[in-house]
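# Geometric and topological summary
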Amino acid sequence: MRLHYIDNIRWVTILLVMLFHVFYYYNAYCAGSGIGGFSDYQPQDAVVYLLYPWLMPLLFVVAGMSARYALGKYDYRTFFRNRTRKLLVPATIGLFVFQWLSGYAGMLTMNYHYHADMGAGQPWWVMYIMFALTGGGGLWFIQLLWLFSLLTIPLYWVERKLHITYPQEQAKCTMRPALRDVLIALLMVFFGVMLYLGDQAVMDSNGTMQDPASLLNVYRPLYYVVAYLFGYYVFVRKDVQEWLSRYGQLTIPAALACGIWLTVTTFGQDAYSPAYLRSVGNNLYAWLAILSMFGGFKRWLDRPVVWQIPICTATGRTTKTLSPAKHSYGLYILQFVVYMSVGYVLRVHTILPPWAMYVLLFMAMFTLTPALYAVIHRIPILRWCVLGEK
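Please read these numbers as outputs of a predicted model, since none were measured by experiment. Sequence order sets the numbering: in each chain, residues are counted from 1 along the sequence as written. Residues qualify for local features only when their pLDDT is at least 70, as the model is predicted, and side-chain atom pairs are given and counted only at 80 or more; totals for whole chains, interfaces and linings, by contrast, use all residues. As a convention, hydrogens and water are excluded, and side-chain values are obtained from all of the structure's heavy atoms.

### Topic: helix H5 (residues 140–161)
Every α-helix winds through 3.6 residues per turn, so residues three or four apart in the chain are directed the same way. Threshold: Every helix listed is a DSSP run of H or I at least four residues long, and every strand listed is a run of E at least two residues long, numbered separately from the N terminus. Expected helix span is given by 1.5 Å per residue-to-residue step, counting one fewer step than there are residues. Relative accessible area decides the class of each residue, using a 1.4 Å probe on protein chains only: under 20% of the type maximum gives buried, over 50% gives exposed, and in between gives partly exposed.
Across its 22 residues, H5 extends 33 Å between first and last C-alpha, which sits within 8% of the 32 Å expected from 1.5 Å per residue. Of all the residues in H5, the buried ones are Trp 140, Phe 141, Ile 142, Leu 144, Leu 145, Trp 146, Phe 148, Ser 149, Thr 152, Ile 153, Tyr 156 and Glu 159. Following H5 by one or two positions, His 163 has its phi on the positive side, about 60 degrees.

Structure below.
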């Protein structure tokens, strides 16, 4: 039985990631991110503080759950082949086929931001390789997911040898419900503590991608592997999901309050700095937001979501059914080219007021990205190289 609320968490979170990048590109406070702000004080940058702490760890929790379900459905070889095609192919071959455009837009952005002239005098083939290698910066998520998928294969083998019950199977539980609820609550607290400890591995850096510490801080492997493994081992359990459906939504007010408090008290700080990432407030907000998303979606949105899109054909007007859960991954892959290229053109080659740039970039993200996906999705070789689809 498919868990529709997990699909809904995934596609809603990816749409929020796209919204986040609209404000991220023009933010004024985070070092080395985007093209820079329009002034020293930008209230709209509050969106960055409200969304950044919890979006990606939430996706890693969902990815860990998905890996556990997939391993229960496929054999090792099929699981490895599917994950390699879906994750590694876009993050390697896709760089040279399509994502080099992100690298080119990124270089233009950095040249404008730092008043530099990177790449001047280099032959075209050197620049192409550089664009391809740097164009995968936004794909760090799927790069880590592929590595984590390799980790889960031996874990799954050990579990099978030990005859550990899987989420698709019914397990007998003689524990009293009240005691079980307390233990799950303690387990959720332990999840928050481990997230905090995982972020303590973030290293001090100068905030530029030339610094290896800065690059490692983008990946934050210990932090995200905690989220992934808790999704794989804990959130995938039926009793935990039932607990979240009963109590998880109670964390929604706490998450909103914590997010507002964190934004107000840290506004103007670099949200990508090691000190910020290691802070108690940042990790507390991420933990509460993850629990509230699971609780809210499990309680109120555990059903398939489809959109009826009106279209015109040669025979007249009709509608097409679209499932956002099936196409959100492709939107995540393609969004980077859109927001960096359109954002750059709006900032450098127009004299529009800032509010108009935000509106146009928002419209581009949610119209051009789906249109680009619709085109690439229909071309077999591009579909395989760029999206990792058969």
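### Digging into unusual backbone geometry
In the Ramachandran plot, Arg 220 falls in the positive-phi region, its phi being about 40 degrees despite a non-glycine side chain. Looking at the element boundaries, Arg 220 is found in the loop between helix H7 (212–219) and helix H8 (221–235).

### Topic: helix H6 (residues 177–199)
Definition in use: A contact between two residues is defined here by any heavy atoms of the two lying within 4.5 Å.
The end-to-end C-alpha separation of H6 is 33 Å, in line with the 33 Å expected for 23 residues at 1.5 Å each. Considered for burial, the residues of H6 that qualify are Asp 181, Ile 184, Met 188, Phe 191, Gly 192, Leu 195, Gly 198 and Asp 199. Residues of H6 that are buried in the fold lie against helix H2 (46–73), H8, helix H9 (238–247), helix H11 (274–278) and helix H12 (280–300).

### Side note on the pattern of salt bridges
Filter applied, for reference: Salt bridges are defined as contacts in which a side-chain nitrogen from Lys or Arg sits within 4 Å of a carboxyl oxygen from Asp or Glu.
All told, the structure shown has seven salt bridges when counted by the stated rule. We note a salt bridge from Arg 10 to Asp 7, for which the minimum N-O separation is 3.1 Å. With a gap of three residues between them, Arg 10 and Asp 7 both fall in helix H1 (residues 4–25), about one helical turn apart. As a salt-bridge pair, Arg 237 and Asp 239 come within 2.9 Å of each other at their nearest N and O atoms. Arg 237 sits in the partly exposed class, given a relative accessible area of 42%. Connected through salt bridges with shared partners, the residues Arg 2, Asp 7 and Arg 10 form a single ionic network.

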